[in-house]
Amino acid sequence: MKITSFDHYKDVYKHSIEQPEEFWAGIADTFVWRKKWDKVLNWNFKEPNIKWFEGAKLNITESCLDRHLDTIGDKAAIIWEPNDPSEDHRIITYRQLYEKVCQFANVLKNNGAKKGDRICIYMPMVPELAIALLACARIGAIHSVVFGGFSAQSIADRIQDAECNIVITSDGSFRGNKEVPLKSIIDDALVRCPSVKRVIVLTRTRTPVAMIKGRDVWWEDEIRKVETQGGKVCEAEEMDAEDMLFILYTSGSTGKPKGVVHTCGGYMVYTGFTFDTTFQYQPEEIYFCTADIGWITGHSYIVYGPLSQGATSLMFEGIPTYPSPGRLWDIVDKYKVNILYTAPTAIRSLMSFGDDPLKQKDLSSLTKLGSVGEPINEEAWHWFDEKIGHGNCPIVDTWWQTENGGHMISAIAGVTPLKPSYAGLPLPGVQPVLVDEKGAIIEGNGVSGNLCIKFPWPGMLRTTYGDHERCRQTYFATYPDLYFTGDGCLRDDEGYYRITGRVDDVLNVSGHRIGTAEVENAINMHSTVVESAVVGYPHDIKGQGVYAFVVCPNQHGDDELTRKDIMMTVARIIGAIAKPDKIQFVTGLPKTRSGKIMRRILRKIAEGDTSNLGDISTLLDPAVVEEIKAGAL
Ligand code: PRX
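These figures come from a predicted structure and were not determined experimentally.

A. A look at the site of the ligand. Around the ligand sit 22 residues, and of these Trp399, Gln401, Thr402, Ile499 and Arg513 come closest. Looking at the shell around the ligand, the elements that each hand over two or more residues are helix H11 (296-308), strand E20 (395-398), strand E25 (483-491) and strand E26 (497-502). Of the residues belonging to the shell around the ligand, the class tally is seven nonpolar, 10 polar and five charged.

Right, here's the structure in full:
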């Protein structure tokens, strides 16, 4: 849907709130269905029980691939830029993508995959990753992608939770000047995963790998087999709108990561609609999202959203600073990128290299910019606007979450007004509310509170895999009849929303969501650690850094080595992305008499703001605070 003016947005928004079923049915009509729905929406937030497009039959790949064959079959669906700029890039048209997806879907079938199976995908950012997702969807298998930066332990936890029977991986991945041995990490994980019967391994780095007889097969060999069977066609499995499409694990404030479940119909409609609306995508535009498909942004806005809309989606294997901090600008220049969608962390990091990397880079093709994943500070916003957009490109600051499936609060490029550091206004169909501590809805403008959503949208999570009660507890129990986001938010005098960050114990480090409890558990695994408390602190590049207070009485006297050992432990248990930036050894943690850690105090100390720590008289041992203050890093 193209929204042509601010007034048009207001009309569409009003309609979407007053007649949500009519509104979403109109949007859903623009996708391919085998059978239309009997009912658009059935819901309650109590259980919760949310059903969109009940009774409808579809396969999402028919909207992403089949429907484009006759119209834009020769258009580039994916442009792939390798990690090493001297390696050849790849362009895959819609027709080629369709054939590759069908072929690999047949490979999956040959290897025993069936509708409803869970398949874990742990791969580098190569086109075969997108092909693997779509092939799973083609046959009705549920994919569970694990980001390439997670450890064997984290992969094993996710595979066990979802009881996956197949893993798709590659020998290794290239990330900047590093090579990550993905298959070997999978081998370590699989020691603990008896449900996995088959591992399909793509060749990427030519890293030597162990291939276990009866379990491991090469992607290329399997493709050759289906080629001789003439397998460029694979009939799409007919799915119910509410059948699961995928699981994606994400961190919360307690326990292990949860498997957020998205379903076929609603997710397709929501990602397609928001992609088209937010970016106002035009058919000839080259769109580049720098996220990794291991995260929700990559699922929704590299793969499903752009492809259902027939867009050209640029996929980049490497990192923005390799081989030089001008790499993203080289890519924009090389492919004449029109829409660039990236994260504040990347912007801040590139900003720190000054203007030199921008010299001789032609960025004039850019018409729209996007930001996602964390609050964007004004300095980064203005740099992005001036140096990259040359003042000509609207910046859409898209606020949303893994659980939301797609954009929730965001400017619409070129249509709704922009305010630096504000996500802006809700997209059509999204009904945000702010609540106070007691759960009362705060009316009016110029107010702050906890951000909730009071009405369902098609892309929302339906459950957390294998544990519906956890879904209810986490998102629907804090405030009755509301979905609670976990974010704090300000609504200014004109009704524009500004996300102020998490109000729970979840950190956002370089746009990666990390639970403090998870990091603490990992630190506590280290043999000399008695207990620990982890908080976030403002970090110039990462947005938030990880600050760990660690009680470690019997360490061997070499603080630096113990710190490194703890880091290594965290990297082993979770992955390198969760490594603490600072570790302070303390003799005790500030606790209340009932044994609760007073994180508020630790947060202030980590932020370097020790002037007013508030009331500490209720602490079991107030003296510990002085010690921690004195030793702050
Ligand atoms: O705190 C919000 C922040 O990222 C959280 C969601 O993280 P995740 O599920 O990993 O999804 C990230 C990509 C969609 C939110 O609860 N967040 C996300 N986008 C923004 C944001 N904070 C401020 N502004 C944003 N645009």
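B. Expanded view of helix H2 (residues 20-28). If you check which residues of H2 are buried, you get Phe23, Trp24 and Ala28. Seen end-on, H2 carries its buried residues on one side only, within an arc spanning 130°. Check the buried side of H2 and you find it contacts helix H1 (6-18), strand E1 (39-44), strand E2 (49-54) and helix H10 (264-279).

C. Layout of the UniProt feature "domain: Acetyl-coenzyme A synthetase N-terminal" (unreviewed entry) in the protein chain. UniProt feature "domain: Acetyl-coenzyme A synthetase N-terminal" (unreviewed entry): in the numbering of this structure it lies at residues 9-64. Regarding residues 9-64, the helix share stands at 43% and the strand share at 25%, and the terminal C-alpha atoms are separated by 26 Å.

D. How the structure looks around the UniProt feature "domain: AMP-binding enzyme C-terminal" (unreviewed entry) in the protein chain. In the numbering used here, UniProt assigns the feature "domain: AMP-binding enzyme C-terminal" (unreviewed entry) to residues 518-596. Summarising residues 518-596: 28% helix, 29% strand, and an end-to-end C-alpha distance of 17 Å.

E. A look at the packing of helix H13 (residues 344-351) against helix H14 (residues 378-388). Where H13 meets H14, the closest approach of the two axes is 10 Å, and the angle between their N-to-C directions is 75°. As far as their axial angle goes, H14 and H13 are roughly perpendicular. Seen from H13, the contacting residues are Pro344, Ile347, Arg348 and Met351; seen from H14, they are Ala380, Trp383 and Phe384.

F. Molecular detail of unusual backbone geometry. In this model, Glu47 is joined to Pro48 through a cis peptide bond whose omega is -10°. As for its position among the elements, Pro48 is in the loop between E1 and E2. Each neighbour pair has its own omega, and for Tyr322 with Pro323 the value is -5°, a cis peptide bond. By secondary structure assignment, the location of Pro323 is in the loop between strand E17 (312-316) and helix H12 (327-335). At His390, a residue that is not glycine, the phi angle is positive and equals roughly 45°. With respect to the helices, strands and loops of the structure, His390 is situated in the loop between H14 and E20. Despite not being glycine, Asp481 has its phi angle at roughly 65°, a positive value. Relative to the helices and strands, Asp481 is located in the loop between helix H15 (468-476) and E25.

G. Quick look at the environment of Trp43. Within the secondary structure, Trp43 sits in strand E1. Since 14 C-beta atoms lie within 10 Å of it, Trp43 is described here as partly exposed. The spatial distance from the C-alpha of Trp43 to the C-alpha of Phe455 is 9.1 Å, given a sequence separation of 412 residues. Discounting residues that sit within four places of it in the chain, Trp43 has contacts with Asn49, Ile50, Lys51 and Pro456.

H. Structural view of the confidence of the model for the protein chain. On average, the protein chain scores 96 in pLDDT, and the residues at 70 or more come to 100%. As a predicted assembly, this complex carries a pTM of 0.97 together with an ipTM value of 0.99.

I. How the structure looks around H10. Compared with the 22 Å implied by 1.5 Å per residue over 16 residues, the 23 Å span of H10 between its first and last C-alpha is a close match. Gln280, located one to two residues past H10, shows a positive phi value of around 45°.

Definitions and limits used
- Residues numbered from 1 in each chain as written.
- Predicted model: local features only at pLDDT ≥ 70, side-chain atom pairs only at ≥ 80, totals over all residues.
- Near = placed C-beta within 6 Å.
- Helix = DSSP H or I, 4+ residues; strand = E, 2+ residues; numbered from the N terminus.
- Nonpolar A, V, L, I, M, F, W, Y, C, P; charged D, E, K, R; others polar.
- Buried ≥ 20, exposed ≤ 12 C-beta atoms within 10 Å, placed from the backbone.
- Arc of directions from axis to C-beta.
- Contact = placed C-beta atoms within 7 Å.
- UniProt positions renumbered as here; feature names shortened; annotations may be inferred.
- Axes fitted to C-alpha atoms, helices over the stretch in contact; angles between N-to-C directions.
- Parallel < 35°, antiparallel > 145°, perpendicular 65-115°, else oblique.
- pLDDT = per-residue confidence, 0-100.
- Expected span 1.5 Å × (residues − 1).

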